[in-house]
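A closer look at the structure
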Amino acid sequence: MNRFNFHSGVVIPLDRSNVDTDAIIPKQFLKSIKRTGFGPNLFDDWRYLEPGEPGMDNSLRKINPEFILNKSEYKNGSILLARENFGCGSSREHAPWAILDFGIKAIVAEGFADIFYNNCFKNGILPIKLKKEMIDQLFNLAKNQVLELTIDLTSQTISIKNDIFTSFEIDEFKKYCLINGLDDIGLTLEKKELIKSFEQAYYKKYSWLGIK
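Residues numbered from 1 in each chain as written. Predicted model: local features only at pLDDT ≥ 70, side-chain atom pairs only at ≥ 80, totals over all residues. Heavy atoms only, no water.

**What to know about the state of the cysteines**
Within the structure shown, the criterion is met by zero disulfides. Take Cys-88: it sits in no disulfide, and the sulfur closest to it among the cysteines is that of Cys-120, at 13 Å. No disulfide involves Cys-177; its nearest neighbouring cysteine sulfur is the one of Cys-120, lying 14 Å away. (Disulfide = S-S within 2.5 Å.)

**Section: the nonpolar core**
Formed by 58 residues in total, the largest nonpolar core has its most connected members in Phe-43, Phe-86, Ile-107, Phe-116 and Leu-126. Beyond its immediate stretch of four places on either side in the chain, Ile-107 contacts Leu-80, Phe-86, Ile-99, Phe-112, Phe-116, Cys-120, Ile-125, Leu-126, Pro-127 and Ile-128. (Core = buried A, V, L, I, M, F, W, Y, C linked by side-chain atoms within 4.5 Å. Buried < 20%, exposed > 50% of the residue type's maximum accessible area, 1.4 Å probe, protein only. Contact = heavy atoms within 4.5 Å.)

**Some thoughts on the sheet that holds strand 2 (residues 79-81)**
On the basis of which strands lie adjacent, the open sheet formed by seven strands has the order 4-3-2-1-5-6-7 and mixed pairing. Pairing within the sheet leaves two strands with one partner each, and these edge strands are strand 4 (126-129) and strand 7 (163-167). If you compare each strand with its neighbour and ignore which way they point, the axes differ by 30° on average. The sheet contact formed by strand 6 (residues 157-160) and strand 7 spans four bridges and is antiparallel. Paired with Ser-159 across the bridge in strand 7 is Ile-164. (Pairing = 2+ DSSP bridges. Helix = DSSP H or I, 4+ residues; strand = E, 2+ residues; numbered from the N terminus. Axes fitted to C-alpha atoms, helices over the stretch in contact; angles between N-to-C directions.)

**Concerning the pairing of strand 3 (residues 106-109)**
Both faces of the sheet carry side chains from a regular strand, because those side chains alternate between them. Side chains Ala-106 and Val-108 project from strand 3 onto one buried face, and the interleaved Ile-107 and Ala-109 project onto a second face that is buried too. Relative to strand 3, strand 2 runs parallel, the two sharing three bridges. The residue bridging Leu-81 from the neighbouring strand is Val-108, located in strand 3. One crossover worth recording links strand 3 to the parallel strand 4 by way of helix 4 (residues 114-122), and it is right-handed. (Right-handed = clockwise from strand over helix to strand, strands pointing away.)

**A few points about the environment of Phe-4**
Relative to the helices and strands, Phe-4 is located in the segment before strand 1 (6-13). Counting along the chain gives 176 residues from Phe-4 to Asn-180, while the straight-line C-alpha distance between them is 7.5 Å. Sequence-distant contacts of Phe-4, that is, excluding residues within four places in its chain, are made with Lys-105, Ala-106, Gly-124, Leu-126, Ile-151, Leu-153, Leu-178 and Ile-179.

**Points about the packing of helix 3 (residues 94-102) against helix 4**
A packed helix pair is summarised by two numbers, namely the angle formed by the two axes and the spacing between the axes. The contact between helix 3 and helix 4 brings their axes to 9 Å, and the two run at 50°. Looking at the two axes, helix 3 sits oblique to helix 4. The way helix 3 lies across helix 4 gives a crossing that is right-handed. Only Phe-116, Asn-119 and Cys-120 of helix 4 make contact with helix 3, whose side of the interface consists of Ala-95, Pro-96 and Ile-99. Split into classes, the residues belonging to the contact of helix 3 with helix 4 amount to five nonpolar, one polar and no charged. (Parallel < 35°, antiparallel > 145°, perpendicular 65-115°, else oblique. Left-handed = near helix turned anticlockwise from the far one by under 90°. Nonpolar A, V, L, I, M, F, W, Y, C, P; charged D, E, K, R; others polar.)

Keep in mind these values describe shape, not function.
Here it is as structure tokens:
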């Protein structure tokens with residue numbers, strides 16, 4: 001998993017509440033478990049004017065010109081701005097996979113569904129919770145300009161043009177994992193020498209198990 005410490009990027013203002021995981025990546029795209037290749041179908045039902053299926057050539061599909069991801073200034077955006085209860089619905093891990101595969105590194109919102117929130121950390125995405133008034137300010141700023149933010153996870157701050165806009169709270173363990181690029185497997189591998197020592201001592205003590 002990639003480390004997250006410091007990131008600057010264009011904000012994609014998705015002014016919607018209760019964005020569920022089926023909107024993030026529709027169910028027909030859940031057949032693959034490769035973690036990659038989902039970016040072109042992120043928000044598929046909103047992004048295109050006709051239904052999509054796995055394997056389709058998206059360049060031949062009619063796009064919705066009003067949807068935010070289809071506007072040229074946001075095609076390379078890497079920070080998603082949203083309202084409350086982002087990522088609700090099913091627990092599909094494909095949702096953060098699609099977000100990351102598109103190139104989004106952080107999501108700033110009023111709130112997140114719990115499972116989606118935790119899945120973000122396990123996939124190297126930083127979800128940031130801010131109070132409504134702060135989210136309102138960011139949306140207002142994004143109305144009149146292409147807004148760029150700088151997120152510093154170490155200091156837990158968000159800046160605009162080198163001026164700190166706000167700070168944010170984050171669980172210390174989750175922060176440690178993101179900064180060090182550790183998912184569940186990575187955390188386990190940190191203890192590999194202890195695990196190896198335990199196994200050697202265990203099988204020496206219980207040699208009758210016949211396992212080496």
